[in-house]
Structure formats: structure tokens, C-alpha cells
Amino acid sequence: MLNSKLAVALAAALLHTPLALGQTTTWRVAAGEDARIVMPGVPNGVSRWFADIVYGDVGRGLIGFRMATPDSLAGYWASVPGTFTRYAQLGTTDDTGPGRSGSEAGNVFLNIYTGDGAAAPNGQRVFQGRAGDAASPATASYGVWRWDGVRNVEVARSLVGDPLGPGLGAGWTFPNSSGFAAARAYGTAGHVLLDADVSSPTGASGHALIRHVPGGGNQPCLRSGATDAALAPGLTAGDSFQNNWSLLGNISVSSAGRVYGSFDATGSRSGIWELCAGAPRALAVDDETGARGPAIGIATATFTSGFEAPYPGSAGQFYFFSYFRRAAGVNSEYGLFQHDGSANRPIAYQDSNGYYGPNWIDATWRTFNVDSLSAGGEYAGFSASMTTTDGGNPTGFWRVRAGRRPELVALIGIPGQYGPEPNRTWRAFGASAVLANGDLVLEARTDPGDISGLWLLEAGRAPRKLLEAGQAITLPTTTGAQASTITSFDLPGSGSDHGRGRDRWMGADGTLLVTATVASYGTVLLTTQASDRIFRSGID
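Remember, predicted model here, so these are calculated numbers, not experimental data. (Residues numbered from 1 in each chain as written. Predicted model: local features only at pLDDT ≥ 70, side-chain atom pairs only at ≥ 80, totals over all residues. Heavy atoms only, no water.)

Colleague: Tell me about the overall build of the chain, residues and numbers included.
Modeller: The secondary structure content of the chain amounts to one helix and 34 strands. Relative to the compact-globule value of 24 Å for 540 residues, the chain shows a C-alpha radius of gyration of 25 Å, a close match. Along the three orthogonal principal directions, the C-alpha set of the chain runs to about 80 × 70 × 35 Å. Here the chain, with 540 residues, has 56% of them falling under the buried criterion. Considering only contacts within the chain whose residues lie at least 6 apart along the sequence, 47% involve residues at least 24 apart. (Helix = DSSP H or I, 4+ residues; strand = E, 2+ residues; numbered from the N terminus. Rg over C-alpha atoms; globule rule 2.2 N^0.38 Å. Buried < 20%, exposed > 50% of the residue type's maximum accessible area, 1.4 Å probe, protein only. Contact = heavy atoms within 4.5 Å.)

Here it is as C-alpha cells:
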């Protein structure tokens, strides 16, 4: 039975049923595994198997994948205007090979590792491999390569000094391991970010974040254990970064190439720093009031712990979850904040007047779903659960523009104003992405029927269904356009980490990529323009 507060909410919601049913959108088949599907740049009549499918975080049609089979097509592929091109494969010395010179000009790739192929905004790619003389594989070396759009350029190599070493000085090297670094292409100047293990001249192990600059070699941004001001936290004299961080877990890169990360430091300190733009610069840290503390209007407020990874928004800004306390000795609370370039301002927390609260009846925040956070420009989106005064615990999804009240846009289990369509309710939320105009793309299951779908939530409009099983699709085949239906779909990378500079499924330009199974044709890659509103930060 509904409690009294939710019963009132249900009645009110039914009076605000969306005015129009959501409409489906048009999807384009970009690629397919079936031999009958035409893919520009790929031979017809050959079945394929895709792996490591990614879509550029900026959008722009930047599709990438690794062709696992057949052997004749194996390697990393990228979309370029009008076609697909293979840029890395085994056993060749042409532009798809390791691109070494001199005595190593005959080197080929002996291994190309999985999990790579993401794109910079200009389409350049980065991946890891093992290259050497095919006749003497024992002498091969591990490395990281950047595809510049024409050829592969090696940016880092194990067991060698600079310029392919870590840039930490004489005797420092990358260890002889296939997983010595995680890499990300970023910016438009061929930069590569390396989250790498390093070995000192004495054989001691360490962990470093390194920026590769074409023509400038590898430039360290921080190193665990280092007390040098150029590589250290700079909170207290002689402090250093701990080594419990990773490129995937803690570090984010904006589309403009600014690097941010959440770290722990010696002295039981933690916070968020901007990196690779000079010495590490602390922007939000624990145990401090003032500019690097929480700007909630209380002079004694400090962050306490639990800084989550930052999500870049507009230039010089990012969003993050963290614990904070209003004064020394009181209990910690949890909230969402925005660093706006000068202060860490609240976005969502339980303030005394409810401005930053759920803004629904008399509810207060109960728990935030940290993994649901996404950011775009001045907007953030997230899911959370609430507590009502009579004990209800409904879960919803919010859009919030920096400096304004969080806006509830969807509620699980309640039809009407916060439901997907008339006579239907949200059942569960999945992946999500908020764009710079405030539009939200939401993967969700709905009832009745527990149906999976992809939805667009625009301010002031009814939710629009983008995709669900049963939709018609037209495939380009060797015998012409053929009609089929979608039987299931998924999001590359499980839809994770939109907005942190990682390529997954959603582009900042409102385009997106899904993998789908279609009747009689198997797996295809589908693209669409989910949102095409041109206003960068919405409409006032």
C-alpha cells in the first residue's frame, strides 16, 4: 500500500500527464558483423566479429573497434569521413605497423592488446602493443602508440630511456610488462596521457601520470612518493601522492584537454587536483576552509573525505561528490559540488531551506547514486533516493543547472508527470548522460512488462523514446536496403563514465552509438542524433 505522501504525489502526478507520447527516432546502421552488410572500407562478403567498440566522447561520428576475426581483417579500425580504415595490425611494416626506423625499420607488431582504440577529439587514436623482429620475438618490446590519422607513432616503450621513457631523468624506465601503462589520447595536438608504472635507477617501483607531447617527449605530471614540488601535492612541506589511483578510476580529461584527478596524499590528506598544466594544483581538499573547502555559506565548513572522480563541465569547471562537515566535531554529510573556477559551490545537499534538496514535496536526500553522475557544460544529472516525512523512500533522477535548484525529471514507480508515458512507470534506471543544453539521455526499464529502452528527457517536453526492442531498422546490404527489427540492444562500455573523457557510447554533440542485435542479421552498430538543439547551455 502507498504511504500517504506517495499517494498524494501519485494523484498530483496524474493531473500532469505529459501532453504527447514520446516518439521513436531514426537510427542508421554504421557497421555490422554479417557478411551481407555493407561497410565502407571493409570487404563485402566476409563475416566479422567486433570487440572493444567505442564512440568518441565528443561524438562527431568517431566510431572505433577492434576486428577480432577474420584474420585477414584483424586489428584496430576507426571511422574516418565516409569510410572505415584499419590503423593497426600484426605482421606489417606499412602505416599499420609500429612505424619504427633505422635498424628497427623491419619491426612488426607481434601483439596488439585489447581494451584500447579510444579517440581524441580530432580522431587520433591510442593503443598498446608489443613490437619487434618477427624472427627474434624474444627481443621484442612493449609500447604505447598514437595513430595520427595516417601512421602509428610510438610514444612510450619499456626498458628504454628518454624520449620514449618516463621523462623522470637518467635511469628511470617503464617496466618490461604488457600492462605497464594505461593510455588516453586527448586534446587536438596529439597529446597522450599515460598512467604508468615506473622503475627508478635503483630498481624501486613507482607510479606516475605522464603527458606525451609530440616533439616534446614524455613529461611527468605527478609521481607517487615524489616530494619535488613539480610532482607533489603541495599541501604541506615534503608531502607526496599515494599510489592508490588509476586512469580509469580517478582521472578525468575535459574535451579541451584539461586534466583533473582525485588523489590521496601523505598526512591522511585527500582532494582533487588539476594536473599536467604546471605543478599539481589543489582545487578541493579536506580539512581546509576557504577557497578549497565547500562554499556552503558556513565559514567553518570543510571537506572530510571520499572525493569521487571529477566530471568536467564548462571550461575550468567540474562536478564531484564528497563528504563534508559544517563544523569541527559534527557528523559528516554527503553532497554534490561544482568547482566553478574559483570556489566549490553546492549542487545538491541537504541545506536548511531545501534549495539544494530534492525539491519534491517535503522529501530530503537519502542516498546518492554516485555512479549515475554525468556532466555537460553547466548541467549535471544524477539519480538518488529520498526520504519523506512519513517514511517513504522513492528513487528519482534529477537534472540541475549550476546555481539553480535540482529539478526532478523521473520517479520510479509513479506514473504521470514523472513517468515515461501515460499509463507506464519507470522501473529502473541504467546508464545516463546529460548534454550541455540540459537534455538527458537515459537508459531505463519501464513497466508494465519490464521493457528496456533508451529515452531523451528534454526540459518542458514529454520524454521521447529513442530505442526499444521491436523497432524497425533498414540495413544496407549487398542486395540493397533490407528491412529488419531490433531484438535487443546494449551500450558500448556498459554505458559507463560519460563526461570524463572516456569513449563509450555518448557524444557531447548529442550523437550516440549502440550495439544491437537485429533479426536475421546479428550484431550491428547503430548511430543517431538524439538531441540536436543548438543552445549550448539551454534556454532561459
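Moving on from the model shown.
Colleague: Outline the side chain of Arg-223, listing residues and values.
Modeller: Inspection of the secondary structure assignment puts Arg-223 in strand E13 (residues 217-223). Among buried charged residues, Arg-223 stands out as having no salt bridge; its nearest opposite-charge side chain is Asp-228, 7.4 Å away. In this view, Arg-223 contacts Leu-168, Trp-172, Val-198, His-207, Ala-208, Leu-231 and Phe-241; residues no more than four positions away in its chain are not counted. (Lys, Arg positive; Asp, Glu negative; His and termini not counted. Salt bridge = Lys/Arg side-chain N within 4 Å of Asp/Glu carboxyl O.)

Colleague: Explain the state of the cysteines residue by residue, including any values.
Modeller: Going through the model one piece at a time under the given rule, you end up with one disulfide. Two residues share a disulfide in this structure: Cys-221 and Cys-276, whose sulfurs sit 2.1 Å from each other. Taking the torsion about the sulfur-sulfur bond, which here is approximately 115 degrees, the covalent link between Cys-221 and Cys-276 counts as right-handed. With Cys-221 in strand E13 and Cys-276 in the loop between strand E16 (269-275) and strand E17 (281-285), this pair connects stretches of sequence that are 55 residues apart. Taking the relative accessible area as the measure of exposure, Cys-221 reaches 3% and is therefore buried. (Disulfide = S-S within 2.5 Å.)

Colleague: How would you sum up the sheet that holds strand E28 (residues 440-447)? Please name residues and give values.
Modeller: Strand pairing in a sheet relies on backbone hydrogen bonds, with the paired strands running either antiparallel or parallel. One open sheet holds the four strands; their spatial order is E27-E28-E29-E30, and the pairing between them is antiparallel. Unpaired on one side and paired on the other, strand E27 (425-434) and strand E30 (464-468) mark the two borders of the sheet. Between one strand axis and the next, the sheet turns by 30 degrees as a mean value, whatever way the strands run. In this sheet, E28 lies alongside E27 in antiparallel orientation, the contact comprising seven bridges. Considered in E28, the bridge of Phe-429 is made with Ala-444. (Pairing = 2+ DSSP bridges. Axes fitted to C-alpha atoms, helices over the stretch in contact; angles between N-to-C directions.)

Colleague: Could you give an account of the sheet that holds strand E9 (residues 152-157), naming the residues involved and the relevant values?
Modeller: The antiparallel open sheet is built from four strands, whose spatial order is E6-E7-E8-E9. Of all strands in the sheet, those with a lone pairing partner are strand E6 (108-112) and E9, marking the two edges. Neighbouring strand axes in the sheet, compared pairwise and without regard to direction, differ in orientation by 50 degrees on average. Examined bridge by bridge, strand E8 (residues 141-147) and E9 share five bridges and lie antiparallel to one another. Note on E9: the bridge partner recorded for Trp-145 is Glu-154.

Colleague: Could you give an account of the nonpolar core, naming the residues involved and the relevant values?
Modeller: Counting 26 residues, the largest nonpolar core has Trp-27, Val-441, Leu-454, Trp-505, Leu-512 and Leu-526 as its most contacted members. Where this core is concerned, the elements lending two or more residues are E27, strand E29 (451-457), E30, strand E31 (472-477), strand E32 (480-490), strand E33 (511-518) and strand E34 (522-529). When residues in this core are grouped by element, the largest group, four residues, is from E33. Residues within four places of Leu-526 in sequence aside, it is in contact with Trp-27, Arg-28, Val-29, Ile-473, Ile-486, Leu-512, Leu-513, Val-514 and Ala-516. Core analysis: the second largest hydrophobic core is formed by 24 residues, Trp-360, Phe-382, Ala-384 and Val-400 among them. (Core = buried A, V, L, I, M, F, W, Y, C linked by side-chain atoms within 4.5 Å.)

Colleague: Can you break down the pairing of strand E15 (residues 259-265) residue by residue, with the values?
Modeller: Counting buried positions along E15 gives six out of seven residues, so the element sits mostly inside the fold. When strand E14 (residues 251-253) meets E15, the two strands line up antiparallel, connected through three bridges. Counterpart to Ser-252 in the pairing with E15 is Tyr-260. Taken together, E14 and the strand that follows it, E15, pair antiparallel across an intervening segment of five residues, in which Gly-257 is found at a positive phi of about 90 degrees. Bridging between E15 and E16 involves seven bridges; their strand directions are antiparallel. Looking at E16, one finds that Asp-264 is bridged to Ser-270. Hairpin connection from E15 to E16: three residues lie between these consecutive antiparallel strands, with Gly-267 at a positive phi of about 80 degrees.

Colleague: Now, about the environment of Glu-33: what can you tell me, with residues and values included?
Modeller: Take Glu-33: it is sitting in the loop between strand E1 (28-32) and strand E2 (49-55). A relative accessible area of 17% means that Glu-33 is categorised as buried. Sequence separation between Glu-33 and Ser-305 is 272 residues; the distance between their C-alpha atoms is 47 Å. Look past the residues within four positions of Glu-33 in its chain and what remains in contact with it is Val-46, Ser-47, Arg-48, Trp-49, Phe-50 and Thr-523. Here Phe-50 takes part through its backbone nitrogen, which lies 2.8 Å from a polar atom of the side chain of Glu-33. (Polar contact = N/O pair within 3.5 Å; in protein donor to acceptor, adjacent residues only side chain to side chain.)

Colleague: Quick rundown of the pattern of salt bridges? Include the residues and the values.
Modeller: Tallied over the entire structure, the rule returns 21 salt bridges. We note a salt bridge from Glu-407 to Arg-399, for which the minimum N-O separation is 3.2 Å. Here Glu-407 falls in the partly exposed class, since its relative accessible area comes to 35%. Note on Arg-399: relative accessible area 4%, which makes it buried. The partner of Lys-465 in a salt bridge is Glu-468, with the nearest N and O atoms 3.4 Å apart. The pair formed by Lys-465 and Glu-468 is uniform in burial state, with each residue classed as buried.

Colleague: Talk me through the side chain of Ser-531; I want residue IDs and the actual numbers.
Modeller: Secondary-structure assignment places Ser-531 in the segment after E34. A relative accessible area of 4% means that Ser-531 is categorised as buried. Polar side-chain contacts of Ser-531 include one of 2.4 Å to the side chain of Asp-439. Here Ser-531 is in contact with Leu-435, Asn-437, Asp-439, Leu-456, Asp-509 and Gly-510, once residues within four sequence places are set aside.

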